[in-house]
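Summary of the model geometry
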Amino acid sequence: MSENTDTGATATYTCYPALDIRGGEVVRLRQGDYGQQTTYALDPVEQATRYAEAGATWLHLVDLDAALVGGWTLAELVRRIVDATGLRVQAGGGVRSVEDVHAMLSAGAERAVVGSLAVNRPEMVAGWLRQFGPQAITVALDARHGGAEHPRWELPTSGWTEDSGVDMGHLLADYSAVGLRHVLATDISKDGMMQGPGLGLYDHLRGLAADVDVQASGGVRHVEDVRAVREQGCAGVVLGRALLDGELELRDALALEVGA
């Protein structure tokens, strides 16, 4: 991924409007907490259609039910969205097996997002990158900075309650060796908080793996945050709560896309 040396912006930058689905409804969680859920009175297909009409080319779709208990449930919804909108779909939530990846891609998703397994079972996910190709897999890394006493980016697991102990640099080096292309990175402290994106995390990731396309997630409030993430060198940004709450107009964010 090359950079524009005049602005610091990437040569390719994509906005991914996001829909998190639980029980068939569009919802948002605060810092991943199922007890802090906001439910929106929106039909997922109709909302995806609005995003497509605004000019979006991609949709980020998350199965929160599967993320909690496994068993991906959104195949039919992916088919309906692709048929109705033509959007390219990046789907995640509860990927635990190669069968889950097959189900997502067979339903019409172009990329499967793999989270916890990417940290806990990297050899398995590396095999999927070889099997399906680097354009079909997005590795999701949820990170937390340890603070002054532990100045490193940790990769928590078990609902963000335990530090996996996995070194982010070593993990990315191993994945890069098998062709990793896409990383979705979330600064846990920013997720659902509407306090701005975790630019420190994205700067760190770009230093570790300059050839990997980083998608920023969490904390984006307005168009200036979209611009800041782009200028940090990210290849894309996932837009969730700010769009649903009307704080950010998708057309304004899409105007900052480059190379699309």
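Residues numbered from 1 in each chain as written. Predicted model: local features only at pLDDT ≥ 70, side-chain atom pairs only at ≥ 80, totals over all residues. Heavy atoms only, no water.

What counts here: UniProt positions are given in the numbering used here, feature names are shortened, and annotations may be inferred rather than shown by experiment.
Per UniProt, the chain carries the Catalytic activity (unreviewed entry) text "1-(5-phospho-beta-D-ribosyl)-5-[(5-phospho-beta-D-ribosylamino)methylideneamino]imidazole-4-carboxamide = 5-[(5-phospho-1-deoxy-D-ribulos-1-ylimino)methylamino]-1-(5-phospho-beta-D-ribosyl)imidazole-4-carboxamide". The heading Subcellular location (unreviewed entry) in the UniProt record of the chain holds the text "Cytoplasm".

1. A closer look at the pairing of strand β4 (residues 58-63)
The following threshold applies: Only protein chains enter the accessibility calculation, which uses a 1.4 Å probe; a residue is then buried when its area is under 20% of its type maximum, exposed when over 50%, and partly exposed in between. Runs of H or I in DSSP of at least four residues are treated as helices and runs of E of at least two as strands, each being numbered from the N terminus. Pairing between strands is defined by DSSP: at least two bridges between the two strands are required.
Of all 6 residues in β4, 6 are buried, a share of seventy percent or more. Here β4 shows no split at all, with W58, H60 and V62 on one side and L59, L61 and D63 on the other all buried. Note that strand β1 (residues 14-22) and β4 share 4 bridges and pair parallel. The partner of A18 across the bridge, within β4, is H60.

2. Some points on helix α6 (residues 122-132)
What counts is decided by this rule: Note that the arc is defined by the directions from the helix axis to the C-beta atoms.
Of the residues making up α6, those classed as buried are V125, A126, W128 and L129. End-on view of α6: buried residues confined to an arc of 155 degrees, all on one side of the axis.

3. Describing the UniProt feature "active site" (unreviewed entry) in the chain
We apply this condition: We call two residues in contact when some of their heavy atoms are within 4.5 Å.
With numbering aligned to this structure, UniProt lists the feature "active site" (unreviewed entry) at D20 and D142. Its place among the elements puts D20 in strand β1. D20 sits in the buried class, given a relative accessible area of 10%. Non-local contacts of D20, meaning those with residues more than four positions away in its chain, are made with E25, V26, V27, R28, V62 and L64. Inspection of the secondary structure assignment puts D142 in strand β7 (residues 137-145).

4. Here's the deal with the confidence of the model for the chain
Under the convention used in this document: pLDDT: the predictor's confidence for each residue, scored from 0 to 100.
In this model, the chain carries an average pLDDT of 90, and 90% of its residues clear a pLDDT of 70 or more. For the stretch residues 1-8, pLDDT sits under 50, and the model shows 22 contacts to residues farther than four places along the chain or on other chains.

5. A look at the packing of aromatic side chains
Definition in use: Ring pairs are drawn from Phe, Tyr and Trp, using the six-membered ring of Trp, whenever the two centres fall within 6.5 Å, and their geometry is named by plane angle: stacked under 30 degrees, edge-to-face over 60, tilted for the rest. Charge-over-ring placement is defined geometrically: NZ (Lys) or CZ (Arg) within 6 Å of the ring centre, and within 35 degrees of the ring normal.
This structure, assessed with the given rule, holds 1 aromatic pair. The aromatic ring of W58 is capped on one face by R111, whose charged end is 4.1 Å from the ring centroid.

6. Concerning the packing of helix α4 (residues 98-107) against α6
Rule in force here: Every axis in this analysis is a line fitted to C-alpha atoms, fitted for helices over the stretch in contact. Angles between the N-to-C directions lie between 0 and 180 degrees. Crossings are sorted by hand: turned counterclockwise from the far helix by less than a right angle, the near helix makes the crossing left-handed, and turned clockwise it makes it right-handed. The nonpolar class holds Ala, Val, Leu, Ile, Met, Phe, Trp, Tyr, Cys and Pro. Asp, Glu, Lys and Arg form the charged class, and all remaining residues, Gly among them, are polar.
It is at 11 Å that the axes of α4 and α6 come closest, and there the two elements cross at 35 degrees. In terms of crossing hand, the pair formed by α4 and α6 is right-handed. When α4 is examined against α6, the residues V98, V101, H102 and L105 are found in contact with a partner set consisting of W128, Q131 and F132. Classifying every residue of the contact of α4 with α6 gives 5 nonpolar, 2 polar and no charged.

7. Comments concerning the environment of A216
By secondary structure assignment, the location of A216 is in strand β12 (residues 213-217). Sequence-wise, A216 and C15 are 201 residues apart; in three dimensions their C-alpha atoms are separated by 9.6 Å. With residues up to four places along the chain from it excluded, the contact list for A216 reads A185, Y202, V229, C234, G236, V237 and V238.

8. Regarding the packing of helix α7 (residues 168-177) against helix α8 (residues 199-208)
Worth spelling out the cut-off: Orientation is classified from the angle alone, with under 35 degrees giving roughly parallel, over 145 giving roughly antiparallel, 65 to 115 giving roughly perpendicular, and any other angle giving oblique.
Where α7 contacts α8, the axes come no closer than 10 Å and their chain directions differ by 50 degrees. Here α7 lies oblique to α8, going by the angle between them. Read as a crossing pair, α7 and α8 show a hand that is right-handed. Side by side, α7 and α8 meet where M168, G169 and L172 of the first sit next to L201, H204, L205 and L208 of the second. Counted by class, the contact of α7 with α8 contains 5 nonpolar, 2 polar and no charged residues.

9. Notes on the side chain of R230
Note the threshold: In this charge count, Lys and Arg are treated as positive and Asp and Glu as negative; neither His nor the chain ends contribute. Here a salt bridge means any side-chain nitrogen of Lys or Arg lying within 4 Å of a carboxyl oxygen belonging to Asp or Glu. Polar contact criterion, stated in full: a pair of N or O atoms within 3.5 Å, where within protein one must be able to donate a hydrogen and the other to accept it, and residues adjacent in sequence count only if both atoms are side-chain atoms.
Summarising the element assignment, R230 is placed in helix α9 (residues 223-231). Put simply, R230 is tucked away with no salt bridge, and the nearest opposite charge, on E231, sits 4.2 Å away. A distance of 3.2 Å separates a polar atom in the side chain of R230 from the backbone oxygen of L256.

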